[in-house]
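So you can see what is in the structure, the chains are spelled out below.
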Amino acid sequence: MDNGSANTPRRPGQAVFSNRQVPLAELPDYQAAKLDLVSLRFAPYAALTAGLLWLGLAAAVFIAPRLPFADVTLPPGLVLVPLVALIWFVAVAWIDGRRRGWALREHDLIYRSGLIWQRTAILPFARIQHVETASGPLERLFGLMRVKCFTAGGMGADLSVEGLDRASARKVRQHLLEQIRDEDGMDDAARGEDEEAGG
Amino acid sequence: MSESDDWQRLSPLALVFLIVSGLQRQVRENLFLFAGAGAGAAFTDWLGLRELALIALVFVLFSVLGAMLYHRRFRFRMEADAVRVRRGLVEHKELRVRFARVQNIQLGQPFYFRPFNLVRFSLQTPGASDKEVELPGIDRSLAETMRDRISAARGELEETEARPEPEEGADPEPLEQPAVFAPSSGRLFLHGLSSNQVWVIAGLFFYVGGNLLERFGERVEQVAERALENGQAIDLPVSAWALGAGALLVFLLILFVLSGLLALVRFWRFRLRERGDRVIALAGLFDRREQTLRRAKVTGLQLRQSAVGRVLGCWSLVLRQTRSSDHETPAGGNAFVVPGLRQDDLALAEALLPGAVFPGRFQRISPRYRRFAFSRLLLGLLLALVLAGLLFGFDHWSLLALSVGALVALPVLHLRFRQWGWALEEGVLWVRRGLLGQRIDGFDLEQVQQARVTSSPYLRRHDLVGLELVLPQGVIGLPFLPSRPAAELANRALATAEQARFHRV
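Residues numbered from 1 in each chain as written. Chains lettered and ligands numbered in written order. Predicted model: local features only at pLDDT ≥ 70, side-chain atom pairs only at ≥ 80, totals over all residues. Heavy atoms only, no water.

Looking at an unreviewed UniProt entry, one finds chain B named PH domain-containing protein, with Wenzhouxiangella limi as its source organism.

A.B. asks: What's the story with the overall build of chain B in this structure? I'm lost.
C.D. replies: Along its length, chain B carries 13 helices and 18 strands. Per-residue burial for chain B yields a buried fraction of 47% across its 505 residues. A separation of at least 24 residues holds for 59% of the contacts in chain B among residues at least 6 apart in sequence. Accessible area of chain B: about 25,800 Å², with a carbon and sulfur share of 62%. (Helix = DSSP H or I, 4+ residues; strand = E, 2+ residues; numbered from the N terminus. Buried < 20%, exposed > 50% of the residue type's maximum accessible area, 1.4 Å probe, protein only. Contact = heavy atoms within 4.5 Å. Areas by Shrake-Rupley, 256 points an atom, 1.4 Å probe, with all protein chains shown as cover.)

A.B. asks: Explain the packing of helix α10 (residues 368–392) of chain B against helix α11 (residues 396–419) of chain B to me, please; I cannot follow it from the model alone.
C.D. replies: Helix-helix packing is characterised by the crossing angle of the two axes and by the distance between the axes. All names here are of chain B. The contact between α10 and α11 brings their axes to 10 Å, and the two run at 160 degrees. What the angle tells us is that α10 and α11 run roughly antiparallel. Considering the relative orientation of α10 and α11, their crossing is right-handed. Side by side, α10 and α11 meet where Tyr369, Arg370, Ala373, Phe374, Leu377, Leu378, Leu381, Leu382 and Leu385 of the first sit next to Ser398, Leu402, Gly405, Ala406, Ala409, Leu410, Leu413, His414, Arg416 and Phe417 of the second. Grouping the constituent residues of the contact of α10 with α11 by class yields 14 nonpolar, three polar and two charged. (Axes fitted to C-alpha atoms, helices over the stretch in contact; angles between N-to-C directions. Parallel < 35°, antiparallel > 145°, perpendicular 65-115°, else oblique. Left-handed = near helix turned anticlockwise from the far one by under 90°. Nonpolar A, V, L, I, M, F, W, Y, C, P; charged D, E, K, R; others polar.)

A.B. asks: Would you mind showing me how to read the packing of aromatic side chains here?
C.D. replies: The geometry of an aromatic ring pair is captured by two quantities: the separation of the ring centres and the angle between the planes. Evaluated as defined, the whole model comprises 15 aromatic pairs over all chains. Ring centres of Trp54 of chain A and Phe89 of chain A lie 5.2 Å apart, and the angle between their planes is 0 degrees; on these two criteria the pair is classed as stacked. Taken as a pair, Trp54 of chain A in helix α1 (residues 42–63) and Phe89 of chain A in helix α2 (residues 80–99) lie far apart in primary sequence, 35 residues in all. Relative accessible area serves as the criterion here: at 23%, Trp54 of chain A is assigned to the partly exposed category. Measuring from centroid to centroid gives 6.1 Å for Phe267 of chain B and Phe270 of chain B, while their planes differ by 70 degrees, and the two rings are edge-to-face. Residue Phe270 of chain B is classed as buried on the basis of its relative accessible area of 2%. One aromatic cluster is present, built from ring pairs that chain together Phe17, Phe111, Tyr112, Phe113 and Phe286 of chain B. Across the ring face of Trp7 of chain B, the terminal group of Arg86 of chain B is positioned such that the distance to the ring centre comes to 4.2 Å. Over the face of the ring belonging to Phe362 of chain B we find Arg432 of chain B, whose NZ or CZ atom lies 4.7 Å from the ring centre. (Phe/Tyr/Trp six-rings, centres within 6.5 Å; stacked < 30°, edge-to-face > 60°. Lys NZ or Arg CZ within 6 Å of the ring centre and 35° of its normal.)

A.B. asks: Looking at this model, I keep getting lost on α10 of chain B. Mind explaining?
C.D. replies: Note that an α-helix has 3.6 residues per turn; residues three or four places apart therefore point the same way. Residue and element names in this part refer to chain B. With 25 residues, α10 extends 35 Å between its outermost C-alpha atoms, agreeing within 8% with the 36 Å of an ideal straight helix rising 1.5 Å per residue. Buried-residue contacts for α10 involve α11 and β18 (474–482). At the exit of α10 stands Gly393, carrying a positive phi of roughly 95 degrees. (Expected span 1.5 Å × (residues − 1).)

A.B. asks: Is there a simple way to think about the sheet that holds strand β7 (residues 159–165) of chain A in this case?
C.D. replies: As a general point, the strands of a sheet are linked pairwise by backbone hydrogen bonds and lie either parallel or antiparallel. Residue and element names in this part refer to chain A. One open sheet holds the three strands; their spatial order is β5-β6-β7, and the pairing between them is antiparallel. Both edges of this open sheet fall to β5 (128–134) and β7, since each of them pairs with a single strand only. Within the sheet, the average angular offset between the axes of one strand and its neighbour, ignoring direction, is 20 degrees. Relative to strand β6 (residues 144–151), β5 runs antiparallel, the two sharing six bridges. Considered in β6, the bridge of Glu132 is made with Lys148. (Pairing = 2+ DSSP bridges.)

A.B. asks: Sorry, what's going on with the UniProt feature "transmembrane region" (unreviewed entry) in chain B here?
C.D. replies: In the numbering used here, UniProt assigns the "transmembrane region" (unreviewed entry) feature to residues 49–70, 188–208, 240–265, 373–391 and 397–415 of chain B. This span, residues 397–415 of chain B, is 100% helix and 0% strand, and a straight line between its end C-alpha atoms measures 28 Å. (UniProt positions renumbered as here; feature names shortened; annotations may be inferred.)

A.B. asks: Please clarify how the sheet that holds strand β4 (residues 118–124) of chain A should be interpreted in this entry.
C.D. replies: Taken in spatial order, the seven strands line up as β1(A)-β2(A)-β3(A)-β4(A)-β16(B)-β17(B)-β18(B) in an open sheet, and their pairing is antiparallel. Pairing within the sheet leaves two strands with one partner each, and these edge strands are β1 (36–37) of chain A together with β18 of chain B. Note that strand β2 (residues 101–104) of chain A and strand β3 (residues 108–113) of chain A share four bridges and pair antiparallel. Within β3 of chain A, the position partnered with Gly101 of chain A by the bridge is Arg112 of chain A.

A.B. asks: When you look at the pattern of salt bridges in this model, what are you seeing that I'm missing?
C.D. replies: Residue and element names in this part refer to chain B. Inspection of every chain in the model, using the stated rule, returns 19 salt bridges over all chains. In this structure, Asp441 engages Arg433 in a salt bridge whose closest nitrogen and oxygen atoms are separated by 2.8 Å. On the basis of relative accessibility, which here comes to 26%, the residue Arg433 falls in the partly exposed class. When salt bridges with common partners are traced through the structure, they connect Arg77, Glu79, Asp81, Arg84 and Arg96 into a single cluster. (Salt bridge = Lys/Arg side-chain N within 4 Å of Asp/Glu carboxyl O.)

A.B. asks: Help me understand a nonpolar patch on the surface in this model?
C.D. replies: Together, Trp397, Leu400, Val404, Val408, Val412, Leu415, Leu435 and Leu436 of chain B give the surface a local cluster of nonpolar side chains, amounting to about 710 Å² of exposed area. Residue placement: Val408 of chain B occurs in helix α11. (Patch = residues over 30% accessible without salt bridge, like charges linked within 9 Å, V, L, I, M, F, W, Y side chains within 5 Å.)

A.B. asks: Can you help me understand a positive patch on the surface in this one?
C.D. replies: On the surface, Arg41, Arg140, Arg166 and Arg170 of chain A cluster together to form a positively charged patch. Summarising the element assignment, Arg140 of chain A is placed in helix α3 (residues 137–142). (Lys, Arg positive; Asp, Glu negative; His and termini not counted. Charge placed at Lys NZ, Arg CZ, Asp CG, Glu CD.)

A.B. asks: I would appreciate a short explanation of a negative patch on the surface in the present structure.
C.D. replies: On the surface, a cluster of negative charge is made up of Glu214, Glu218, Glu221, Glu225 and Glu229 of chain B. Structurally, the position occupied by Glu229 of chain B is in helix α6 (residues 197–229).

In structure tokens:
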């Protein structure tokens, strides 16, 4: 049966409308993406930040009974608890830091994290509201930078890609900004018009 | 230049609204000072009635003064593509909201505005947690002109389509089209009975009335002790147990009736209408509210049925928007709730969410959910018992407590497992969850902001994952999915979101 298109002359360059069925298996699989590992400096950074907390706790348990004004008696083995936890969490943070991966695909950003509880987040560029890079003092010491992607879903929907070296983080931010501009430049320009100013 | 293009002031009657809402806010924010957690007892013990009245007077005076200053400063103006507001007491603010950003328009009419044909006009935008613009006490015709201009500017409504002026004395309902849904008063009362607001009211009652109840109990104890000292017998017409059970029953009855009546007041003469790209709900006895929602801004819907609702065959529907509240309580007054639905009315969900087809059946999650939850719960109970045993000693009661805990947990976890389900129909994903009641979320995969796939060692061992889809209104999760269908669902969601015409909300 003629669908009507045969009677309508097609202009040169005009696309033919099609609506073929796409089998699920043919959709791009996020699992097939080859992830790049984060910076090698991230593992020591993650281990250090995890270790500092537990080291502080272990120090508190060790020092508290020895303070001249404190009348506290703690079981002698108690100091072992934060020490064991310190070793465990430092080891987990280190291995997690070596395994974290990320990838940029044509239309989205993938970030995998976690060792025991693993999480893979996939964020379409079309959903990013804005992008920023951030780094704390320790991160700067290790030459690391985070890329934070904000979406409409609020804090729970934002994605923070940790463990990138500064150059990669800046490149990723630039790439994401270009993608956003390409996809919805008009919308961004219009959004800036909403204003709130002190009078 | 039309009337609405000039800087406008609020009507003098808006002061009443500002004072009332200011007082409501003061009470809400400071309630914890006077009630609950023993603070109420402490206050009423330290302060006499006169002091309390003085404090209340100070609160009222502050509210009145604040409202007067706010009213004096407040100005608003309609521009070609935006509404501009000047307001603020200490810090003067000027706010401009573009029509294109507006996702919800509300017109409310408290009973004291009705004789003067004034309304409260509010605008919501996706970024703001509450109403971004609220103009209380403006003329109804001006509010309707503004509403139509905003709609026209957003391309939903042709200016020529603007509705005709209502006749003198006619029902001030905004549109002439027949309602697509209009529940009877009985259905609204049933909605109140089945709504979870019963438990909110109960909580509020115990929070505020806990102090009074405590005093009442003390008084009863005193009377009983005095009677016993005097050697008087206390004769009760029935046993103490029956009396207690009767009191509880009466209390519950009052609670449910109160909830039913509140629903009637809130949703009085509820009418749901469609007009072009807009869905309009009109309801309320003392405060007649008209909520206008743009379909393009609807990010999903939620069908709800509480445990009581299952017995009564009563559902409700909430239209979801970016970061929208889905609570029916006063704090979540902006939620777009359609109350009093029957099973037969669920097709309304398909009408409100374009392209949606309500699924015939839901796919279950893996039965390992039940096994995992039960084994971990049992382990937790066992650990708690061992710890308690080490501290207080072991006895046969511990074993009994463990057995009872396990026996109660088993059917609860089974019910929870049975409620989990999902179905993908025509690009719309439906996720069902609950225990005795149920909640069914429906949303177009185009709305997905992010997909997350999570796994624990147990899940990986059994080739399972948890899937979380982040939406503008929150996160919808599906636990214990076989990894292949979960990956396919995630891929489908991402492909749909990435090809969607409407991008950022």
